[in-house]
Amino acid sequence: MFGKKKGFTASQSKRMSRRMNNATIGSHVQRKSVSSRRSSRPSAQNTGTSSVSFSNARRQQRAARGEVDHVVPRTASGESREEHARRINQRRFSQEIEKKERTKRIASIAVVALLACLVAVFVGSFVYVQVINSKLSLGDSNASEALVAQNPEEPYYVLCAAELGSAQGSGGAETDTYMLARIDEANKTAALLSIPGNLQVTLSDGIMHPLYEARDHGGDAELISAVSEFAGVDIAHFMTTDIDGLSHVVDVVENVGLTLEEEVDDPEAGNVYLSAGEQVITSEAVPTLLRARNFRGGSEVQTDNRGAFMATLAERLLEKSGLPFVFQLDAIAGSLKTDWSATDLMAVADALRGMKASSVQVALVPGSETEAAGGTVYIASSVSSLLERMKAGEAFESQEAEVTVDQTKFEIEIRNGAYIDGAGAQMSEILTQAGFKVGDVGNANDGVIYPETLVIYKDPAQAQNAEAVVQALQAGRVINGGDFYTFDTEILVILGEDWQPIL
């Protein structure tokens, strides 16, 4: 029997619509009060259908009458609950979630591992630096008692001490040598003043001694104080080494290239021969180079060799930076002892990196050697002007102004220390013609042959007069020798083998 398709009755449709309207937020069916539902039939004006789109007009009309066949809840993905349930239960979705969780775990482990590595590197670096510091340490030295903290904005001074020993193995303090270095980090410059180990200085007991005896009197602090007082500067840092240590440093930097003014061939210094000109200094040649002193140019050539060696060695050490420099510092730390820490030296190296050895000035304390009770001593002379130029950062070499004095106010005694016949009389004639008053002339009576002409004064007030004598002779070196020479006049001139008359 044919009939109308069975479906929801109007009353059933209304009840269903009310239930869904109560359960669904945002339904197209507006909520009504009980009284309003009873008072009127739903219409297009109060059902909210104007805000809902339908696929055809028939559904639009049915919705206007309050009849609803199907309502799909709105979701973020636009899918039904059944579709959503199927999706989240799919294996692929579960695998994606597991993959994301695994990635998070790996990332967390990587972060933890990285942090652990950083901590390990920090701790390892700290321990490594402490090991280097222990190698550099001066140990029980009392040097800190005499060192004065440097002004970071100003140039500062470093005292370097080296025990060079002897080729014959006797060694002794007489082989000690010292260099006072002025470091100007801001301008990347350095100046080295070579100080002979047998320089006569006044120690804490108030008596004149060779500088090499300072450590025996009061340790490193006595040495630093003696040099500080002699030069008139505060010393901020101290470094000490020996001939084996210097040789090892040359091994680490792999040789040092120098240009030698004279050949080095001194059996008393070592058995290595170095010809004049460009040379590569190996560790085996270091002792001979630094000890040799039998040069035609005298002690100035020795000073130039030592200064050039130290400056070039520093330049080679500064060629490396970062970790390579740290490893290099570790390799040489046992050969050098200093109050500087490893981090201090790295900072100094960074500041001076790029400084050339050719820019480093080198000078020897002016003076001369003479025999005295107990051995040969070095007596400084005319050192004040050199020290003033060093403090000012000026060039060591400068043309000295002509000294003007009243020649009639003092008397000169001449002694022929080279035993050259007639040389004393020639010198007397030169000085007399220049207006000086010359007293007694004769041979030196101490039996010593003097290699160098000396102009000696006792009273510091005569220093200027002694300088005038040197200028008149165009030869000689001024020294304050009142404690070592006996003479009755204001000035004593000892004629040496270097004397060449100017007639």
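The residue numbers shown here count from 1 along each chain, following its written sequence. Under the rules for a predicted model, residues below a pLDDT of 70 receive no local features and side-chain atom pairs below 80 are neither given nor counted, while totals for whole chains, interfaces and linings still include all residues. Only heavy atoms go into the side-chain values, all of them from the structure, while hydrogens and water stay out.

Q: What am I meant to see in unusual backbone geometry here?
A: Trans peptide bonds make up most of the peptide bonds, and negative phi angles are found at most residues other than glycine. For Asn-255, which is not glycine, the phi torsion reads 75° and is therefore positive. Only protein chains enter the calculation, and the probe is 1.4 Å; a residue is then buried if its accessible area is under 20% of its type maximum, exposed if over 50%, and partly exposed in between. A residue is classified by how much of its surface remains accessible, and Asn-255, at 29% relative accessible area, is partly exposed.

Q: What is the right way to read the nonpolar core from this model?
A: Taken as a class, soluble globular proteins show a tendency for nonpolar side chains to be buried jointly. The biggest cluster of nonpolar side chains holds 53 residues, and the ones touching the most others in it are Ile-281, Val-286, Leu-289, Leu-290 and Phe-309. Any pair of residues with heavy atoms lying within 4.5 Å of one another is described as a contacting pair. Among residues more than four places away in sequence, those in contact with Val-286 are Ile-243, Leu-246, Ser-247, Val-250, Ile-281 and Phe-309. In these notes, a set of buried Ala, Val, Leu, Ile, Met, Phe, Trp, Tyr and Cys residues joined through side-chain atoms within 4.5 Å is what counts as a nonpolar core. Ranked by size, the runner-up nonpolar core spans 37 residues in total, among them Leu-138, Leu-147, Leu-193 and Ile-224.

Q: Explanation requested: the sheet that holds strand β16 (residues 477–480) in the structure shown.
A: Hydrogen bonds between backbone atoms are what pair the strands of a sheet, whose relative direction is either parallel or antiparallel. The criterion for strand pairing is that DSSP finds at least two bridges linking the strands in question. Secondary structure is summarised from DSSP: a helix means a run of H or I of at least four residues, a strand means a run of E of at least two, and numbering begins at the N terminus for each. Across the sheet, five strands lie side by side as β14-β13-β17-β15-β16; this open sheet has mixed pairing. At either end of the open sheet lies a strand with only one pairing partner, and these are β14 (437–443) and β16. When strand polarity is set aside, the average angle formed by the axes of neighbouring strands in this sheet is 20°. As defined by bridge partners, strand β13 (residues 411–416) adjoins β14 across five bridges and the pair is classed as parallel. Bridge assignment links Ile-412 to a residue of β14, and that residue is Val-438. The sheet contacts of helix α13 (residues 423–433) involve β13, β14 and β17 (491–495), and relative to β13 the element is tilted by about 155°. With respect to the sheet, helix α14 (residues 463–473) is in contact with β13, β15 (454–457), β16 and β17, its orientation differing from that of β15 by roughly 160°. Whenever a helix is involved, its axis is fitted only over the stretch in contact; in every case the axis is a line through C-alpha atoms, and angles between N-to-C directions fall within 0 to 180 degrees.

Q: Even after reading the chapter, I still don't get the packing of helix α7 (residues 243–253) against helix α10 (residues 322–332), so can you show me in this structure?
A: The geometry of a pair of packed helices is captured by two quantities: the angle between their axes and the separation between those axes. As a packed pair, α7 and α10 sit with axes 9 Å apart at the nearest point and diverge in direction by 150°. Between α7 and α10, the interaxial angle falls into the category roughly antiparallel. Read as a crossing pair, α7 and α10 show a hand that is right-handed. Mapping the contact onto sequence places His-248, Val-249, Val-252 and Val-253 in α7 and Gln-328, Ala-331 and Ile-332 in α10. Tallied by class, residues from the contact of α7 with α10 come to five nonpolar, two polar and no charged. Reported orientations rely on four angle classes, namely roughly parallel under 35 degrees, roughly antiparallel over 145, roughly perpendicular from 65 to 115, and oblique for the rest. Handedness of each helix crossing follows the sense of rotation of the near helix against the far helix: counterclockwise by less than a right angle gives left-handed, clockwise gives right-handed. Here the term charged refers only to Asp, Glu, Lys and Arg, the term nonpolar to Ala, Val, Leu, Ile, Met, Phe, Trp, Tyr, Cys and Pro, and the term polar to all other amino acids, Gly among them.

Q: Even after reading the chapter, I still don't get the environment of Ser-194, so can you show me in this structure?
A: With respect to the secondary-structure elements, Ser-194 resides in strand β3 (residues 189–196). Linking Ser-194 and Gln-302, residues 108 residues apart in sequence, is a C-alpha distance of 9.8 Å. If we ignore the near neighbours within four places in the chain, the residues touching Ser-194 are Tyr-178, Met-179, Thr-303, Ala-363, Leu-364 and Val-365.

Q: It is not clear to me how a nonpolar patch on the surface should be interpreted in this structure. Could you clarify?
A: Together, Val-111, Leu-114, Leu-115 and Leu-118 give the surface a local cluster of nonpolar side chains, amounting to about 390 Å² of exposed area. For Leu-114, the position within the fold is in helix α5 (residues 91–136). What makes a patch is a set of residues exposed beyond 30% relative accessible area and free of salt bridges, joined within 9 Å when like-charged and within 5 Å when nonpolar (Val, Leu, Ile, Met, Phe, Trp, Tyr). The Shrake-Rupley method, run with a 1.4 Å probe sphere, supplies the accessible areas, and residue values consider only the shown protein chains as cover. Any carboxyl oxygen of Asp or Glu that lies within 4 Å of a side-chain nitrogen of Lys or Arg is treated as forming a salt bridge with it.

Q: Got a minute to help me understand the environment of Val-405 in this structure?
A: If you trace the backbone, Val-405 turns up in the loop between α12 (384–391) and β13. For the pair Val-405 and Asn-465, spaced 60 residues apart in sequence, the C-alpha to C-alpha distance is 6.3 Å. In contact with Val-405, other than residues within four places in its own chain, are Phe-410, Gln-464, Asn-465 and Ala-468.

Q: In this structure, what is going on with the packing of aromatic side chains? I would like to understand it.
A: Within a pair of aromatic rings, the relevant descriptors are the distance that separates the centres and the angle that separates the planes. Note on aromatic contacts: the rings of Phe and Tyr and the six-membered ring of Trp form a pair at centre separations within 6.5 Å, being stacked when their planes are under 30 degrees apart, edge-to-face when over 60 apart, and tilted otherwise. For the structure on display, the rule yields two aromatic pairs. With a centroid separation of 6.4 Å and 80° between ring planes, the pair formed by Tyr-156 and Trp-340 is classed as edge-to-face. A residue pair is termed long-range when its members are at least 10 positions apart, and Tyr-156 in strand β1 (residues 156–163) and Trp-340 in the loop between β9 (337–338) and α11 (342–352) qualify at 184 residues. For the pair Tyr-156 and Trp-340, a shared accessibility class is recorded, and that class is buried. Over the ring of Phe-325 we find Arg-353, and its NZ or CZ is 5.6 Å from the ring centre. Sitting over a ring, as applied to charges here, requires NZ of Lys or CZ of Arg to be within 6 Å of the ring centre and within 35 degrees of the ring normal. A cation over an aromatic ring shows up here: Lys-458 above the ring of Phe-487, its NZ or CZ 4.6 Å from the ring centre.

Q: Honestly, the packing of α7 against helix α9 (residues 299–317) in this entry has me stumped. Any pointers?
A: Relative orientation of the contacting elements α7 and α9 amounts to 40°, with a least axis distance of 10 Å. What the angle tells us is that α7 and α9 run oblique. Read as a crossing pair, α7 and α9 show a hand that is left-handed. Contact residues: α7 offers Val-249, Val-250 and Val-253, while α9 offers Phe-309, Leu-313, Arg-316 and Leu-317. Here the residues of the contact of α7 with α9 sort into six nonpolar, no polar and one charged.

Q: Please explain α14 as it appears in this structure.
A: Residue pairs three or four apart in sequence face the same way in an α-helix, which turns once every 3.6 residues. Restricting attention to buried positions, one finds in α14 the residues Asn-465, Ala-466, Glu-467, Ala-468, Val-469, Val-470 and Leu-473. Tucked into the core, α14 has its buried residues touching β13, α13, β15, β16 and β17. Directly after α14, the chain includes Gln-474, whose backbone phi takes a positive value near 55°.

Q: So what exactly am I meant to see when it comes to the pattern of salt bridges here?
A: Opposite charge on two side chains permits pairing when their charged atoms draw close. Under the definition given, this model contains ten salt bridges. The shortest N-O distance in the salt bridge between Arg-215 and Asp-220 comes to 2.8 Å. With a relative accessible area of 12%, Asp-220 lands in the buried category. Residues Arg-477 and Glu-300 are paired through a salt bridge, measuring 2.8 Å at the closest nitrogen-oxygen approach. One end of the pair, Arg-477, is in strand β16; the other, Glu-300, is in helix α9, with 177 residues separating them in the sequence. Take Arg-477: its relative accessible area is 16%, and that puts it in the buried class. Connected through salt bridges with shared partners, the residues Glu-163, Arg-215 and Asp-220 form a single ionic network.

Q: Looking at this model, I keep getting lost on the pairing of β16. Mind explaining?
A: Inspection of the sheet shows β15 paired to β16 by four bridges, in the parallel sense. In the strand pairing of β16, Ile-456 is matched with Ile-479. The definition of a right-handed crossover adopted here requires that, viewed with the strands pointing away, the path from the first strand over the helix to the second runs clockwise. Of the crossover connections in this fold, the one passing from β15 over α14 to the parallel β16 is right-handed.

Just geometry here; none of it tells us what the structure is for.
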